[in-house]
Amino acid sequence: MDIGKPGMDIPMEGLTAATPYLIEQDYGAYSADQHAVWAELVGRRMPQLRDHACAEYLDGLEKIGLDDRQIPDLKAISARLRPLTGWSSTPVSGFLPPRAFFEMLSARMFPTTAWLRSRDSLDYTPMPDIFHDVFGHVPMHAHSVFADFLQHYGRMCAALIDRPDALERMGRIFWFTVEFGVIRQAGELKVYGSGLISSHGECTRVLSGDCDVRKFDLDAVMNQEVDTGAMQPILYAVDSFEEIFNAAKAAAAGLD
């Protein structure tokens, strides 16, 4: 089912590379069964996340007003999020090329897919869907330090767009923070990366000690090989979100 249409009402000021990928979420196209799938996905994750997600994620979840019973209306989510940190959850047609992706992050527009996985793919989907993007990512965008980090990261990577080797190394920072980030809070390991927030299997594996969780080290992160199709054998825990912001700036400076 097509749940997107050309984004005629989406602000495009300052965007060039991303413009062809912007759509408008066709909210009325979602079926009752799709809303039920969303409710089941959220219901499966929240018991674990109430105890093991970081405080900033849980706070952001409340602030953006995410409804556990139905697929989010991205306009409504953005209306709550924008006054907090200037970010929006902006619908796109699918996977974006790097130039378009970093352009959107630089503009505090998070590229958000509008499709939802089917009932027979509850545990895993190879491509990000609206559950991964909104439930997994967007609550963290309500946290001011993380929001600033993400925009700055987009700007730094946009400046490296013609240097694929440097961009690949910067991509590992994104992978081990935004996607698979963990943080120590009050002596406990908490999750904040979307790949952990949205996946029960991946998150359980980390929390049960079956993953090697190391102290965040910028050099180690930037040189760590990544297999995007496998369970993560090594993750890196930070002590604060200021740490990842400072690390990203240091990384970019070292690549100049």
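Nothing here was measured: the structure is a model prediction, and the numbers come from that model.

Parameters and conventions
Residues numbered from 1 in each chain as written. Predicted model: local features only at pLDDT ≥ 70, side-chain atom pairs only at ≥ 80, totals over all residues. Heavy atoms only, no water. Helix = DSSP H or I, 4+ residues; strand = E, 2+ residues; numbered from the N terminus. Rg over C-alpha atoms; globule rule 2.2 N^0.38 Å. Buried < 20%, exposed > 50% of the residue type's maximum accessible area, 1.4 Å probe, protein only. Contact = heavy atoms within 4.5 Å. Areas by Shrake-Rupley, 256 points an atom, 1.4 Å probe, with all protein chains shown as cover. Lys, Arg positive; Asp, Glu negative; His and termini not counted. Charge placed at Lys NZ, Arg CZ, Asp CG, Glu CD. Pairing = 2+ DSSP bridges. Right-handed = clockwise from strand over helix to strand, strands pointing away. Salt bridge = Lys/Arg side-chain N within 4 Å of Asp/Glu carboxyl O. Polar contact = N/O pair within 3.5 Å; in protein donor to acceptor, adjacent residues only side chain to side chain. Phe/Tyr/Trp six-rings, centres within 6.5 Å; stacked < 30°, edge-to-face > 60°.

### Section: the overall build of the protein
At step 1: Counting secondary structure elements, the protein contains 11 helices and eight strands.
At step 2: In terms of overall dimensions, the protein is globule-like: its C-alpha atoms have a radius of gyration of 17 Å, near the 18 Å expected for 256 residues.
At step 3: Dimensions along the principal axes, computed over C-alpha positions, put the protein at roughly 45 × 40 × 35 Å.
At step 4: Counting the 256 residues in the protein, one finds 55% classified as buried.
At step 5: Taking contacts inside the protein between residues at least 6 apart in sequence as the whole, the part at least 24 apart equals 64%.
At step 6: Accessible surface for the protein amounts to roughly 11,400 Å². Of this, 52% is attributable to carbon and sulfur atoms.
At step 7: Side chains of the protein give 23 positive and 36 negative charges; the mean places of these two sets differ by 3 Å.

### Some points on the pairing of strand E3 (residues 88-92)
At step 1: Within E3, five of the five residues are buried, leaving the element largely enclosed by the surrounding structure.
At step 2: Burial along E3 is two-sided: the residues Ser88, Thr90 and Val92 and Ser89 and Pro91 are all buried.
At step 3: Here five bridges tie E3 to strand E4 (residues 109-113), and the two strands are oriented parallel to one another. Opposite serine 88, over in E4, you have methionine 109 as the bridge partner.
At step 4: You can see the chain leave E3, run along helix H4 (residues 98-106) and come back into E4, and the turn it takes is right-handed.

### A few points about the side chain of glutamate 202
At step 1: Mapped onto the secondary structure, glutamate 202 falls in helix H9 (residues 200-207).
At step 2: Of the side chains with opposite charge, arginine 205 lies nearest to the buried glutamate 202, which makes no salt bridge, at 4.5 Å.
At step 3: Leaving out residues up to four positions away in the same chain, glutamate 202 has contacts with Phe180, Gly195, Leu196, Met231 and Gln232.

### Overview of the environment of histidine 132
At step 1: Within the secondary structure, histidine 132 sits in helix H5 (residues 130-137).
At step 2: The class for histidine 132 is buried, based on a relative accessible area of 12%.
At step 3: A distance of 3.4 Å separates polar atoms of two side chains, one belonging to histidine 132 and the other to glutamate 179.

### Let's talk about the packing of aromatic side chains
At step 1: Overall, the coordinates contain 16 aromatic pairs when judged by the stated rule.
At step 2: Look at phenylalanine 131 and phenylalanine 135: their rings are 4.8 Å apart centre to centre, the planes differ by 10°, and that puts the pair in the stacked class. Of the two residues, phenylalanine 131 and phenylalanine 135 both sit in helix H5, four residues apart, roughly one turn of that helix.
At step 3: Taken together, a centroid distance of 4.9 Å and an interplanar angle of 85° make the contact between tyrosine 192 and phenylalanine 241 edge-to-face. With a gap of 49 residues between them, tyrosine 192 in the loop between strand E6 (188-191) and helix H8 (194-197) and phenylalanine 241 in helix H11 (residues 241-255) connect regions that are remote in the sequence. The residues tyrosine 192 and phenylalanine 241 share a single accessibility class, namely buried.

### So, the pattern of salt bridges
At step 1: Inspection of the entire model under this criterion finds 14 salt bridges.
At step 2: With its nearest N and O atoms 2.2 Å apart, the salt bridge here joins aspartate 123 to arginine 44. You can see aspartate 123 sitting in the loop between E4 and H5 and its partner arginine 44 sitting in helix H1 (residues 32-52), a full 79 residues away along the chain.
At step 3: Given the relative accessible area of 60%, aspartate 123 is considered exposed.

### Things to note about unusual backbone geometry
At step 1: Despite not being glycine, arginine 108 shows a phi value in the positive range, around 55°.
At step 2: Among the structural elements, arginine 108 can be located in the loop between H4 and E4.
At step 3: For arginine 108, a relative accessible area of 14% corresponds to the buried category.
At step 4: Unusually for a residue other than glycine, alanine 186 sits at a positive phi of about 50°.
At step 5: Here alanine 186 lies in the loop between strand E5 (182-185) and E6.
At step 6: With a relative accessible area of 84%, alanine 186 lands in the exposed category.

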